[in-house]
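For reference, the chains in residue letters:
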Amino acid sequence: MATLPSSTCHPEHRLPGQLEEGKNTEEPAWMFLWVNPGRIPAVVGGLLDIDCSEDIIKNLIMVVRGQFSTDELVAEVENGNRLKLLLLWLESRSHEGCEEPATHSALAKICIDSSSPECFLRENAYNNSLVVRQYSEKRDPHLACLAWERGQCDLELIELVQTALSETQDPEEVSVTVKAFMTADLPNELIELLEKMVLHTSVFSEHRNLQNLLILTAVKADHTRVMEYISHLDNCDAPAIASIAVSSALYEEAFVIFRKFDMNASAIW
């Protein structure tokens, strides 16, 4: 049995070259007859490489019906920083009732690069929160927190704290993240964040409000850590912390605060 050459088996491989020769302006419809739907992402990538007209690529994607990977198609257009090219196709799939996470994640990415994406991130139920969070964390930490909050990605958020914020020097980024933890009522995760900010060497090591918040969060969520924090932190609001410790029945911790900060008179009650 004769073996067909690869170019015959996969004629879509010849599309970019034929388009480059000028057929894209004279006979654009022929390509729809040649393309194997499963190879659409590779074809689109090739067309982008030769700077093919976006209208032709959009028509190709809209007209060719069949099964192909949305993730692969998104990856191809993202390589060329042309994700918005897919907007009409993605919107049409959404309007048809498509619930595929890859489709809605791509729509979320386009929204993030546009204006006012908060509503979409809060209300869209089908995007992959982890994918969207990873895309948005380098663009806007607030949007990354929204993506996390919708998807309840606890472990992924801790990863975000460990990576994106471990070396930050931007107080606003820290503030936004701290508020997100507090709003979501995640005291243990907040402690993890604050420990990295004030117990380890960073520009926030001596930040008074963060030291206070770390101790007070431990008083609320994990009494076993309070003594350690009191021993290590020197710039907290000692009188206020001691008062809260007493009201929380943490008498030994309160006594250590009085002694450490030379508040001997207050240690007698």
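As shown above, the structure is provided for reference.
Description of the structure in this document. Treat the numbers as computed from the prediction; the structure is a model and nothing was measured.

Parameters at a glance
- Residues numbered from 1 in each chain as written.
- Predicted model: local features only at pLDDT ≥ 70, side-chain atom pairs only at ≥ 80, totals over all residues.
- Heavy atoms only, no water.
- Helix = DSSP H or I, 4+ residues; strand = E, 2+ residues; numbered from the N terminus.
- Buried < 20%, exposed > 50% of the residue type's maximum accessible area, 1.4 Å probe, protein only.
- Areas by Shrake-Rupley, 256 points an atom, 1.4 Å probe, with all protein chains shown as cover.
- Axes fitted to C-alpha atoms, helices over the stretch in contact; angles between N-to-C directions.
- Parallel < 35°, antiparallel > 145°, perpendicular 65-115°, else oblique.
- Left-handed = near helix turned anticlockwise from the far one by under 90°.
- Contact = heavy atoms within 4.5 Å.
- Nonpolar A, V, L, I, M, F, W, Y, C, P; charged D, E, K, R; others polar.
- Phe/Tyr/Trp six-rings, centres within 6.5 Å; stacked < 30°, edge-to-face > 60°.
- Patch = residues over 30% accessible without salt bridge, like charges linked within 9 Å, V, L, I, M, F, W, Y side chains within 5 Å.
- Salt bridge = Lys/Arg side-chain N within 4 Å of Asp/Glu carboxyl O.
- Polar contact = N/O pair within 3.5 Å; in protein donor to acceptor, adjacent residues only side chain to side chain.

A closer look at the overall build of the chain
Part 1 of the reasoning: Helix and strand counts for the chain stand at 18 helices and zero strands.
Part 2 of the reasoning: A buried classification covers 42% of the 269 residues belonging to the chain.
Part 3 of the reasoning: When the accessible area of the chain is evaluated, it comes to approximately 14700 Å², of which 49% is carbon and sulfur surface.

Observations regarding the packing of helix α17 (residues 238-247) against helix α18 (residues 251-260)
Part 1 of the reasoning: At a minimum axis separation of 8 Å, α17 and α18 run at an interaxial angle of 160°. In terms of axis orientation, α17 runs roughly antiparallel to α18. Considering only the axes of α17 and α18, their crossing is left-handed. Only Y251, A254, I257 and F258 of α18 make contact with α17, whose side of the interface consists of A238, I241, A242, A245 and V246.
Part 2 of the reasoning: Taken together, the residues of the contact of α17 with α18 break down into nine nonpolar, no polar and no charged.

Topic: the packing of aromatic side chains
Part 1 of the reasoning: Evaluation of the coordinates by the stated rule reveals one aromatic pair.
Part 2 of the reasoning: On the numbers, 5.7 Å between centres and 25° between planes, the contact of F68 with W89 is stacked. Of this pair, F68 sits in the loop between α5 (54-63) and α6 (70-79) while W89 sits in helix α7 (residues 87-95), and the two are 21 residues apart along the sequence. Both residues of the pair, F68 and W89, belong to the buried class.

Observations regarding a nonpolar patch on the surface
Part 1 of the reasoning: On the surface, M62, V63 and L88 cluster together into a nonpolar patch covering about 270 Å² of accessible area.
Part 2 of the reasoning: Checked against the element boundaries, M62 lands in helix α5.
Part 3 of the reasoning: The partly exposed category is assigned to M62, whose relative accessible area is 32%.

Here's the deal with the environment of K58
Part 1 of the reasoning: Here K58 is to be found in helix α5.
Part 2 of the reasoning: The spacing of K58 and L86 is 28 residues in sequence and 7.2 Å in space, taken between C-alpha atoms.

Quick word on the environment of T217
Part 1 of the reasoning: Mapped onto the elements of the fold, T217 is located in helix α15 (residues 208-221).
Part 2 of the reasoning: Measuring from C-alpha to C-alpha, the distance between T217 and N188 comes to 8.1 Å, with 29 residues separating the pair along the chain.
Part 3 of the reasoning: When sequence neighbours within four positions are dropped, the list of residues in contact with T217 reads P187, L190, I191, L194 and D222.
Part 4 of the reasoning: Within the structure, T217 has its side chain in polar contact with the backbone oxygen of L213 (distance 2.6 Å).

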